[in-house]
Structure formats: C-alpha cells, structure tokens
Amino acid sequence: MIVWFRRDLRLYDNPALCRAVEDGGRVVPVYIFAPEEDEPWPPGAASRWWLHHSLAALDSDLRRLKSRLLVFRGDSLSVLMMLCRQSGDAAVYWNRLYEPAAHARDARVAKALETIGIATRSFPGHLLREPGEVLSGAGTPYRIFTPYSRASLRLGPPSPALGSIGPNRLALPNDRDDGLESLQLGTNMSGQAHLARHWRPGENEAWRRTISFIESRAADYGEARDRPGIEGTSRLSPHLHFGEISPRSLWHAVTGQLASDGRDDSGLAYLRQLLWRDFAHQLLFHFPHISESAFKPAFNELPWRDDPEIVAAWQSGTTGIPLIDAGMRELRSTGFMHNRARMNAASFLTKNAGIHWLVGARWFWDTLVDADLANNTLGWQWVAGSGPDAAPYFRIFNPVTQGQRFDPRGVYVRRWIPALNGLPDKWIHSPWTADEETLARAGVRLEEDYPEPVLDLKESRRRALAAYGRYVAGR
C-alpha cells in the first residue's frame, strides 16, 4: 500500500497513514513534487524553502521507524501508476486537500487508478470540518464567519486525534526514487538563508511551538495577538499549512491544557482562528473563482491603478509609513508578518494606493512561509472589501492611528526600522510630522535615513472612497 503524502507531513494523527497501517501489508511512504498541478498557484520561494526542510524532517522521522520517504518529481498519476506496477501494490491512501487545482487533480487520479483496479482511499485530515459539513439551514455554504463559527461550534469538538504509529509498522522501501535534491527546492537556498535564522520546519518543532504557546501565551491570546511588538501569537501557521501538526491535534492540545488549568474559555480566541482557517477553505472550495477574481463582481470593475514605483516601495518597506514598512521588512527578513501589520499593509496597497489586491496576494504568496491559498485569498479580499465576509469598502485602515493603538511605544517599528530608534513615541508612527529640531535630536534625516511618505494618507483615503463609492456602493 502506498501512502501519498502531500501537505500532511507528519506521523501523529495522520489518518491516511494510520488506516494504511491498520489495514496491514507493506506500507510505502511517498511524496511527489508536481508544482504544475497547483497552477496558477504553484508554491512560492519561501514555501519551497520550507517544503525542502519539512520533507527532510519527515524522512528523518520515518528512518527512526525503520522506513524512509520515497521522493519523486513528476506527474502524480504517472508516478503512482509506476510505483503500483513495480511493487504490486493495489491501493493508494491519501489525506484530502480542498484547493481547486488539488481537488480536481485528486479526482482525476482516483478515477484513473480505480479504472485499472487500484483502490484509492482518501481521508479528512487537513481541516477541523470538511467543506460541506457546516452548512446553513438552507443547505448552502456560509458566507459570513460569525454564523459559520457558531454552527461549527454547535457540532461539538472535533474528533480525537488518532495518535501515532509504532516502529516496524512501515516498509523500508528499496525502490529507486528521485531523491529530495532532485526537486531543486534548494536552488535558491542561499537567497532564503535568512529564513533558517527564524524557523525550523518539521513535526517536532511544530509540537515544541505548540507546547510553548499553550504554556506561555494561549491564555492571553485574545488581547496579545493584536500587539505586533510582543510575542503574543502562536506562529504555528506554516506548520499547519504543511500539515506538520493537524488542526484537531492543536485544538485538543489547547483546550485540554487550558481546561486542566481551570481556564476553559481563555483559549476561545485562538480556536476562532482555527475556525477562520476552516471558513477560508470552505469558501474557496465552494467558490473556486475567488483566488483569481473578486467574490463581489462590482470590485472587478474598479479602476485599479498601475503604479510600479508604489508597488516597489511597498515590497521593499520604503513607503515612508512606519507601520507598513516595519511589516514589510519583517516579511523580507523572516518570511512572516504579524497579522495586524498584514491588514494594514494590505489596506495601504489596495485602498490608499489603489493597487489590485492580486498584486499583493501574489507577493505574499511568494514571500510568506505560511502562504496558504485559502487564507491568503480571504485575507486580501477581506481587506479590499471584495470578499464574501469582508470589511466594508469604506473601512480604510489608518496606519498611524493603528500604530499608536497597537504599538504605542513603537517597539515593533523600532525593531524593524532602527533608523527611527531615536524618535519619541509621539512621532514614531508619523516622523514626517515631527519638527526639524525633534528630528535632529533623534538623528533622523528624512529622505536620507528614512523616506518621506510616498503618498498622502488623507488624500489617498478620499480618492479611494470616491472610487469605491462610484463603482461599488449600492451594487
């Protein structure tokens, strides 16, 4: 039996792997890299870096169980058929994925394999609830998160985790494979070396981060998660995306520990983030066009601007708006950005600058280690106002007041823009408003040490409201 690993790079609570072991026989772990099958969203540079190290970690874990991971580069169906012919295996097991390209590919693979007598078995393991499991009273998918989350919670907690497998339950394949290096995920590894200073992919690290989060931050997550200057989030999103930990394992770990500490309700804010992840995936599943097109058609008619200089300043963290630049510099340095900064950066690009949300979505897709098509799509459409569950079109984040509220001492800004370290808190989020004497005392020379704003926040807000009102309001 072949277990086809994809974004479930773990041994604990892996339904396909556990069932294959239960069914008995020779169990062969396989990974196939086929980025063409993910078009138009093949993995970006940061994702490829993570995948390289995650596959290496999984292979190491399998070797401790006296097995190994067979790695191939090529068409998924062709590789699976070749393996089945060579080994005589008559069944392929996998955990389901729900993005449009992956879902369609899996359907084609299942049909082709079953046509030639090879059984296929797929399992839920990527979400808390599968798309279609949480529906409205009318039997339709929810388009608003709050009623979706309430309906999901009414179903009770997710099923218990399946645990792990013991040694000597898997085969040690002697099949020839292409090997990890053949995937060339490390072709630009030197360009991604900065990521290794901040991340360690793999299942063991996923659990280490989980335990650390539960013990030190989960109880205060509801308030701390909005403050980019402190370590208030879990930073588990890339581990979840690559399936190094299952969402239900994480759910039960959080609720179990907090309940034992007598803090049953304190983790609800974090559990809502897991529900939001499910919500994003079920939206993309039911409305697959939204990764490329606005959910609300009127937003496709907006006169989006083409301004390469603004986009370049945004990407490089040189817009002259500290909160935006701090977020974009964090992204360039770590492959991650705090969610409060993400929302502000997205609002600035789409609303203040008038740039199409897909421009930002594709940049995030290439640079984020936690780039996830469903979450990325919903996040950008939410901020742009074009999504099914979106901020109103007239909601435009003000990065100055947002910074003053959520980073009042400028801790986050000072960390990523050291040129502004000497500024008093009053001006840290708007250095262009400081007088010359203040700037001189702080050792800040605008346009030399740090740029002037590339656009006027008030004027760009007025322009955005006018454009949105003309094309979107009332439609």
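This text goes with the structure placed above it.
Residues numbered from 1 in each chain as written. Predicted model: local features only at pLDDT ≥ 70, side-chain atom pairs only at ≥ 80, totals over all residues. Heavy atoms only, no water.

Draft legend 1. Structural view of the packing of aromatic side chains. What the rule picks out here adds up to 23 aromatic pairs. On the numbers, 5.7 Å between centres and 50 degrees between planes, the contact of Trp-276 with Phe-279 is tilted. Here Trp-276 and its partner Phe-279 are both found in helix 10 (residues 268-286), 3 residues apart, which amounts to about one turn of the helix. Sitting above the plane of the Phe-336 ring, Arg-235 keeps its charged end 4.4 Å from the centroid. Across from the ring centre of Phe-336, 5.1 Å away, lies the NZ or CZ of Arg-342, which sits over that ring. (Phe/Tyr/Trp six-rings, centres within 6.5 Å; stacked < 30°, edge-to-face > 60°. Helix = DSSP H or I, 4+ residues; strand = E, 2+ residues; numbered from the N terminus. Lys NZ or Arg CZ within 6 Å of the ring centre and 35° of its normal.)

Draft legend 2. Seen up close, unusual backbone geometry. Cis geometry is adopted by the peptide bond preceding Pro-40, which originates at Glu-39 and carries an omega value of 10 degrees. Along the chain, Pro-40 falls in the loop between strand 2 (28-33) and helix 2 (45-64). The phi dihedral of Gln-184 is positive, around 55 degrees, even though this residue is not glycine. Relative to the helices and strands, Gln-184 is located in the loop between helix 5 (145-154) and helix 6 (203-216). The class for Gln-184 is exposed, based on a relative accessible area of 55%. Unlike most non-glycine residues, Arg-235 shows phi in positive territory, near 55 degrees. Mapped onto the elements of the fold, Arg-235 is located in the loop between helix 7 (221-224) and helix 8 (237-241). (Buried < 20%, exposed > 50% of the residue type's maximum accessible area, 1.4 Å probe, protein only.)

Draft legend 3. Representation of the packing of helix 12 (residues 322-334) against helix 13 (residues 339-352) within the structure. Where helix 12 contacts helix 13, the two axes come as close as 9 Å, and the packing angle between them is 115 degrees. Here helix 13 runs roughly perpendicular to helix 12, going by the angle between their axes. Read as a crossing pair, helix 12 and helix 13 show a hand that is left-handed. Residues Leu-323, Ile-324, Gly-327 and Met-328 of helix 12 touch helix 13, and the partners they reach there are Ala-341, Asn-344, Ala-345 and Phe-348. (Axes fitted to C-alpha atoms, helices over the stretch in contact; angles between N-to-C directions. Parallel < 35°, antiparallel > 145°, perpendicular 65-115°, else oblique. Left-handed = near helix turned anticlockwise from the far one by under 90°. Contact = heavy atoms within 4.5 Å.)

Distances and angles like these do not, on their own, reveal function.
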